[in-house]
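Coordinate inspection notes
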Amino acid sequence: ALSSTGYYGGEAPSPNYDLEYTLNNLDPTSLPLLHIAEQVGSTSHGTLHYGYLILPNPDFDPNNNDDGSNGYPHYTIQPCVAKRPHTLSELQAKDPTKVFGLRTRALEMHRYFEVEKHCFQKLEDFKLQNQMYGSSIPYIRNNYRNPTNNNVVVSAAYFGTFGDDGNGSGSGAAVLNGGMGDFGGEDSAAAAINGENRPREWMAFEYVGSGMDEAFVTLSDAMQMENWNGSHHLSNIQRALNLPEEYEFGDVLDAVFRSILEDLVFVHACNLVHRNVSPSNLLCDGQSQRLRLQNFSGAADLDPSPIPGRPNDDGTVPTLGTQRVGLTANIASFSPAYAAPEKYVRLDNNPLAFDVFSASMVMCQLLFNLIDDETGAGFAIERREANDGEDEEEVVDTSGYDLDLWLERELRAEFQSSSFRDALNYLGERRGLWRLLKKMFEPNPKNRFSSLDALKELDEVMGLKKGEREWTDQM
């Protein structure tokens, strides 16, 4: 009953002894259940684990034959990924010298977790709406489907939040349920807020595999791998996305560029701003052959949401006002090397354009093969060096974000790499693309392209390349 839906390439987590024990002692009335397996990663905010979502089997018919199975067990198993915030004890173990401030840090972990949970639920609701009723935005209606199951594939599918049974160490023995169990979690972030003995919370997501043997390959991972066959510097990204072998450098970059912009158009249609678009937050999906945006812990919902109060005796929940989840003044979570000049988003300052700037940084980095092992954003360093030694505080000046100035300096350089020449050939074959990158790289967010404008312009550029459009002075 192990479902293969939702992963491709790499090895999906295999059932282990603990899972078999759970299934042998399964109470069908307890479904859905989330079983946590081994830890596969850790971020600054929490831990990442393999998992299995145990779901009721809709085809199960206990009255159809003698053994009550009708050829189907009463459950199915969906490989997934689960994440939770760091606990107080984990935060202390990371730095035993920091005795004070742990509760504040735990509160911060909980805040990021709640923001991400809210954003993913909003994305799932929007995906469902588009799958059922279609969309008024053509780019969303036509370009976001998995060819196998017609699912929207902008981000990993979100399966919901689960509370553990008090054994949530992720060692393979934790069985979690969707009803927020009654035990465990004394040192969890939730417990740190109000001192109550509350369960640890986990978010469960679709398992997304790459076109490689490795699981969970991000764009950053593929960029840092040793070149596979030497044909071009994006060959590992080509493999991770499972793109055709005959693809050349330009074809791979076209696919990456379009995928990033399509992801942002969808997310921005939900009125969510991600605020941390970077190679490490773009998953390589080998099945849909596209990048999928992850990690919404630093995102912000620009729509107001009700603030729930304590439930009344009759079960009703009062509303205490509204808030824009994640949008807190002077608080953000982003990769500084990819952040827009404004650093913080404001409702009156074209907030969704923050992600567009970050996307242009990623694109220029891939285009010119400027990858720095220390910062992951060699292009950002090069750009600032081209600014004639201005202080970093002055880089927000328009001249500090002049791509023409940077390119002019590179063209005057005594040595030019083959990657740089590939980039020039790529731009030469796509008239109008350099202008598009400059409009995305605009330091003033009010003058910066929106993600939808950028995607439409990319269509014009590619139409011109294919002979389907004619050159205009505007382009």
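Source: prediction; values computed, not measured. (Residues numbered from 1 in each chain as written. Predicted model: local features only at pLDDT ≥ 70, side-chain atom pairs only at ≥ 80, totals over all residues. Heavy atoms only, no water.)

1. Topic: the pattern of salt bridges
Put simply, the rule is: We define a salt bridge as a side-chain nitrogen of Lys or Arg found within 4 Å of a carboxyl oxygen belonging to Asp or Glu. The secondary structure listing takes helices from DSSP runs of H or I that are at least 4 residues long and strands from runs of E that are at least 2 residues long, numbered from the N terminus. Here's how the labels work: a residue is buried when its accessible area is under 20% of the maximum for its type, exposed when over 50%, partly exposed in between, all with a 1.4 Å probe on protein chains only.
Summed over all chains, the structure comprises 22 salt bridges. With a shortest N-O distance of 3.1 Å, E201 and K117 are connected by a salt bridge. Note that E201 is positioned in strand β6 (residues 201-206) and K117 in helix α3 (residues 102-133), a separation of 84 residues in sequence. With a shortest N-O distance of 3.3 Å, E460 and R469 are connected by a salt bridge. On the basis of relative accessible area, E460 is assigned to the partly exposed category, the value being 29%. One salt-bridge network, in which partners are shared between bridges, spans R258, E262, D263, R290 and D459.

2. Here we look at helix α14 (residues 451-465)
To keep things clear, this is the line we draw: Any helix carries an expected span of 1.5 Å times its number of residues minus one.
Compared with the 21 Å implied by 1.5 Å per residue over 15 residues, the 21 Å span of α14 between its first and last C-alpha is a close match. Buried within α14 we find S451, A454, L455, E457, L458, V461, M462, G463 and L464. G467 sits one or two residues past α14 and shows a positive phi near 80°.

3. What to know about the confidence of the model for the protein chain
The test is simple: Confidence of the predictor in every single residue is expressed as pLDDT, which spans 0 to 100. Whether two residues are in contact is decided by their heavy atoms, any of which lying within 4.5 Å being enough.
Residues at a pLDDT of 70 or more form 73% of the protein chain, whose mean pLDDT is 77. Confidence drops under a pLDDT of 50 for residues 66-71, and excluding neighbours within four residues, the segment shows 9 contacts in the predicted structure. Scored below 50 in pLDDT, residues 373-378 makes 12 contacts in the model with residues more than four places away or belonging to other chains.

4. Thoughts on helix α8 (residues 249-269)
Helix length check: α8 (21 residues) gives 30 Å between terminal C-alpha atoms against 30 Å at 1.5 Å per residue, within 8%. Summarising burial for α8: 17 of the 21 residues are buried, a large majority. Phi turns positive one or two residues past the end of α8, at N271, with a value near 65°.

5. Considering the environment of L272
Locating L272 in the fold gives a position in strand β7 (residues 272-273). Note: C-alpha distance between L272 and L352 (80 residues apart in sequence) is 7.5 Å. When sequence neighbours within four positions are dropped, the list of residues in contact with L272 reads C119, K122, L123, V267, A300, D301 and L352.

6. Quick notes on unusual backbone geometry
With a phi close to 65°, N271 is a non-glycine residue in the positive phi region. Mapping N271 onto the fold places it in the loop between α8 and β7. A positive phi angle, near 60°, is found at Q289, a position not held by glycine. The topology assignment puts Q289 in the loop between β8 (282-285) and β9 (290-293). According to the relative accessible area criterion, Q289 is partly exposed, its value standing at 35%.

7. Observations concerning the pairing of strand β2 (residues 46-56)
Rules: Two strands qualify as a pair provided DSSP detects at least 2 bridges between them.
For β2, the buried fraction is high: 8 of the 11 residues fall into the buried class. The pairing of strand β1 (residues 33-42) with β2 spans 7 bridges and is antiparallel. Looking at the pairing, G41 lines up with L48 of β2. Hairpin connection from β1 to β2: 3 residues lie between these consecutive antiparallel strands. As paired strands, β2 and strand β3 (residues 75-85) are joined by 11 bridges and run antiparallel to one another. Bridge pairing in β3 places L53 opposite Q78.

8. What to know about the side chain of K122
This is how it is decided: Any pair of nitrogen or oxygen atoms within 3.5 Å is treated as a polar contact; in protein, a donor-acceptor pairing is required on top of that, and neighbouring residues in sequence qualify only through side-chain atoms on both sides.
Tracing the sequence through the fold places K122 in helix α3. For K122, the side chain forms a polar contact with the side chain of D303, separated by 2.7 Å. Other than its neighbours up to four places away in sequence, K122 contacts C270, N271, L272, D301 and D303.

9. Some details on the packing of helix α11 (residues 403-411) against helix α13 (residues 433-440)
Spelled out, the test is: Simply put, an axis is a line fit to the C-alpha atoms, just over the touching stretch for a helix, and the angle between two N-to-C directions goes from 0 to 180 degrees. An angle below 35 degrees is treated as roughly parallel, one above 145 as roughly antiparallel, one from 65 to 115 as roughly perpendicular, and anything else as oblique. Classification convention: Asp, Glu, Lys, Arg as charged; Ala, Val, Leu, Ile, Met, Phe, Trp, Tyr, Cys, Pro as nonpolar; all other residues, Gly among them, as polar.
Interhelical geometry of α11 versus α13 gives an angle of 125° and a closest axis separation of 10 Å. Here α11 is positioned oblique relative to α13, judged by the angle of their axes. Of the residues in α13, those in contact with L403, D404 and L407 of α11 are W434, L437 and K438. When its residues are assigned to classes, the contact of α11 with α13 shows 4 nonpolar, no polar and 2 charged.

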